[in-house]
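Remarks on the overall topology
The residues making up each chain are set out below.
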Amino acid sequence: MHAGIVTCATSGPASDRPHGAAVSVWEDRAVSIATSAPSPAGFAEPAPSALLLLGRGVDLASERGVECVGDLPSPSDPDLVERARAARAALGDRAFILGHHYQRDEVIAFADVTGDSFKLAREAAARPEAEFVIFCGVHFMAESADILTSDTQQVILPDLAAGCSMADMAAIDQVEDAWDVLVDAGVAQSTVPVTYMNSTAAIKAFTGRHGGTICTSSNAHVALRWAFDQVGGVDGTGKVLFMPDQHLGRNTAVLELGLSLDDCVVFDPRKPNGGLTTEELKAARMILWRGHCSVHGRFSERNVTDIRAAAPGVTVLVHPECKHEVVNAADMVGSTEYIIKALDAAPAGSVWAIGTELNLVRRLAAAHPDKQVHYLDSTVCFCSTMNRIDLPHLVWAMESLVAGRTVNQIVVDADDAHWARVALDQMLALPGY
């Protein structure tokens, strides 16, 4: 074991554990064991010295506003699993269950398909025979599914409290006020909005009304190039208003389109005029909304430095929602699907540090026992809102549907749905999509 690597006990005896089948959380502190859920065979749970329990502390060194909120649900008992199986069987083809990559294993076990948010919404739309679409994700994802599915299908979110902190960082009234600022500065006519999939239906609709497009983390570079082409090209003077994740916008513009950090400004909706002068708005090429992912925003450049020292030969792979300095320090950067494919293609014995949500990293470690998979952060934070979708909520939703009660249906306003679909269709029309 490399110095500084903390490998904790698993649910089975060490002799039954395949070599390397562990996610290691690296810290210089002592090892002791605490688990918030049963461990899959071969998975090393983080030590409490390296664990920031949800709702029990903050990491003051992390980006401001990024902290762990709320307790993880308690593990489900065996009776609940049997109830889930019975309800799923009773619903049959009437229901289609979607499970996002960041979901808990107990939920993923009942998913008909897993994927990222847009892939799941498209999967739902491709199954018009399903009366109920049960989306085990967060609110904006269920909204997208409602927009893309037919009027005869009902989209269910097992827990309405499963929101997204990033999506909530861009409220529609704030965005409309921001556009007014751009109008007053005389730059709105040369600005195209590009909105990340991780946004509310209202923001997607705003984007459609203003001639923009939606993007995912895998096609953001194509979306940005298209947007600039509408206002004179990347080498011109036109602008993009990128919402709501500043990091994805900055990383894509600088690392893939060749713009500079000086071309980017951050619009803070909590400040007058976004905290920017008219001159700054006129000079900018990328107007980045002040938003971020509360999980990916935790990773730091020091995390990368420390894991390289602790695990020589490690390949650091991070999500593009990470901060710019983290992406610069990493070896590889890509979307959730890219991360999964990279691990699938990696040779046996290779060493990886992954900068994304912990549930996915745990699942990747379990799927690749021939590789060493480390979690990049020195403290552990699940996506707390995603984890609100637990087995008790899923069972309740399914049993309610079996009993003839539709619960937690997500319905997007018809006008918003129309314009959001316009923006989504523009994304689907992008080259190479």
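Look above for the structure.
Conventions and cut-offs
Residues numbered from 1 in each chain as written. Predicted model: local features only at pLDDT ≥ 70, side-chain atom pairs only at ≥ 80, totals over all residues. Heavy atoms only, no water. Helix = DSSP H or I, 4+ residues; strand = E, 2+ residues; numbered from the N terminus. Buried < 20%, exposed > 50% of the residue type's maximum accessible area, 1.4 Å probe, protein only. Areas by Shrake-Rupley, 256 points an atom, 1.4 Å probe, with all protein chains shown as cover. Phe/Tyr/Trp six-rings, centres within 6.5 Å; stacked < 30°, edge-to-face > 60°. Core = buried A, V, L, I, M, F, W, Y, C linked by side-chain atoms within 4.5 Å. Contact = heavy atoms within 4.5 Å. Pairing = 2+ DSSP bridges. Axes fitted to C-alpha atoms, helices over the stretch in contact; angles between N-to-C directions. Salt bridge = Lys/Arg side-chain N within 4 Å of Asp/Glu carboxyl O. Polar contact = N/O pair within 3.5 Å; in protein donor to acceptor, adjacent residues only side chain to side chain. Parallel < 35°, antiparallel > 145°, perpendicular 65-115°, else oblique. Nonpolar A, V, L, I, M, F, W, Y, C, P; charged D, E, K, R; others polar. Patch = residues over 30% accessible without salt bridge, like charges linked within 9 Å, V, L, I, M, F, W, Y side chains within 5 Å. Lys, Arg positive; Asp, Glu negative; His and termini not counted. Charge placed at Lys NZ, Arg CZ, Asp CG, Glu CD.

1. What about the overall build of the protein?
Within the protein, the secondary structure is distributed over 16 helices and 14 strands. When each of the 433 residues of the protein is scored for burial, the buried share is 57%. If you sum the accessible surface of the protein, you get close to 17,200 Å²; carbon and sulfur atoms cover 50% of it.

2. Considering the packing of aromatic side chains
Tallying each qualifying case throughout the model produces three aromatic pairs. Pairing Trp-179 with Phe-206 gives two aromatic rings, centres 5.8 Å apart and planes at 80°, and the pair type is edge-to-face. Placement of Trp-179 in helix α6 (residues 172-184) and of Phe-206 in helix α7 (residues 201-209) is noted, with a sequence separation of 27 residues between them. Considering the side-chain rings of Phe-267 and Trp-289, the 5.7 Å spacing of their centres and the 15° angle between planes classify their relative orientation as stacked. With Phe-267 in strand β9 (residues 264-267) and Trp-289 in strand β10 (residues 286-289), this residue pair connects regions lying 22 residues apart in the sequence. Judged by relative accessible area, Phe-267 falls into the buried class, the value being 3%. Assessed through its relative accessible area of 0%, Trp-289 is described here as buried.

3. Overview of the nonpolar core
Core analysis: the biggest nonpolar cluster contains 112 residues, and Ile-134, Phe-242, Met-286 and Val-316 have the highest contact counts within it. For Phe-242, the residues in contact, after removing those within four places along its chain, are Val-194, Cys-215, Leu-224, Leu-248, Gly-249, Met-286, Ile-287, Leu-288 and Trp-289. Counting residues in hydrophobic clusters, the runner-up holds 20 residues, among them Ala-178, Phe-206, Leu-276 and Trp-289.

4. Quick notes on the sheet that holds strand β4 (residues 132-136)
Pairing is parallel across the open sheet formed by four strands, whose spatial order is β3-β2-β4-β5. On the outer flanks of this sheet lie β3 (113-115) and β5 (154-156), each paired with one strand and no other. Sheet twist, expressed as the mean angle between neighbouring strand axes with direction ignored, is 25°. Sheet topology note: the strand β2 (residues 95-100)/β3 ladder contains three bridges and is parallel. Within β3, the position partnered with Leu-98 by the bridge is Val-113.

5. Observations regarding unusual backbone geometry
A cis geometry characterises the amide bond from Met-243 onward to Pro-244, with omega recorded as -15°. One non-glycine residue, Asn-273, lies in positive phi territory at about 55°. Examined against the element boundaries, Asn-273 turns out to sit in the loop between β9 and α10 (278-283). With relative accessibility at 46%, the residue Asn-273 sits in the partly exposed group. A positive phi angle is found at Asn-408, which is not glycine, with a value near 50°. With respect to the helices and strands, Asn-408 occurs in the loop between α15 (391-402) and α16 (414-428).

6. Section: the pairing of β4
Where burial is concerned, most of β4 is hidden: five out of the five residues are buried. Because side chains alternate across β4, one face comprises the buried residues Phe-132, Ile-134 and Cys-136, and the other comprises Val-133 and Phe-135, equally buried. Strand direction decides the pairing type here: β2 and β4, joined by five bridges, are parallel. Within β4, the residue paired with Phe-96 across the bridge is Val-133.

7. Regarding the pattern of salt bridges
For the structure shown, the criterion picks out 16 salt bridges. We note a salt bridge from Glu-399 to Arg-83, for which the minimum N-O separation is 2.7 Å. A residue pair is termed long-range when its members are at least 10 positions apart, and Glu-399 in helix α15 and Arg-83 in helix α1 (residues 78-91) qualify at 316 residues. With a relative accessible area of 42%, Arg-83 lands in the partly exposed category. Of the charged contacts, one joins Arg-298 and Asp-377 as a salt bridge, the two residues approaching to 3.3 Å between their closest N and O atoms.

8. With respect to the environment of Arg-362
Along the chain, Arg-362 falls in helix α14 (residues 358-367). Judged by its relative accessible area of 8%, Arg-362 falls in the buried class.

9. Details of the sheet that holds β10
Strand-to-strand pairing in sheets goes through backbone hydrogen bonds, with the strands running parallel or antiparallel. Strand order in the open sheet formed by five strands is β7-β6-β8-β10-β9, and the pairing between neighbours is parallel. Two strands close off the open sheet at either side, each with one partner strand: β7 (213-215) and β9. On average, adjacent strands in this sheet sit at an angle of 25° to one another, irrespective of strand direction. Of the strands in this sheet, β6 (191-196), β8 (239-243), β9 and β10 touch α6, which is tilted by about 155° from β10. On top of the sheet, α7 reaches β6, β7 and β8; it is set at about 150° to β6, its chief contact.

10. Points about the pairing of β9
The sheet contact formed by β9 and β10 spans four bridges and is parallel. Across the sheet, residue Phe-267 finds its bridge partner in β10, namely Trp-289.

11. A closer look at the side chain of Asn-408
Only 3.0 Å separates the side chain of Asn-408 from the backbone oxygen of Leu-157, close enough to count as a polar contact. Looking at Asn-408, its side chain comes within polar contact range of the main-chain oxygen of Pro-158, at 3.1 Å.

12. What about the packing of α6 against α7?
The relative placement of two packed helices is expressed as an angle between their axes plus a distance between the axes. Where α6 meets α7, the axes come as close as 9 Å, and the angle between the chain directions of the two elements is 25°. If you check the angle between α6 and α7, you find them roughly parallel. Residues Ile-172, Val-175, Glu-176 and Trp-179 of α6 lie in contact with α7, whose contacting residues are Ala-202, Ile-203 and Phe-206. Residue classes in the contact of α6 with α7 are distributed as six nonpolar, no polar and one charged.

13. Notes on a negative patch on the surface
Taken together, the side chains of Asp-173, Glu-176, Asp-177, Asp-180 and Asp-184 present a region of like negative charge at the surface. Tracing the backbone through its elements, the reader meets Asp-184 in helix α6.

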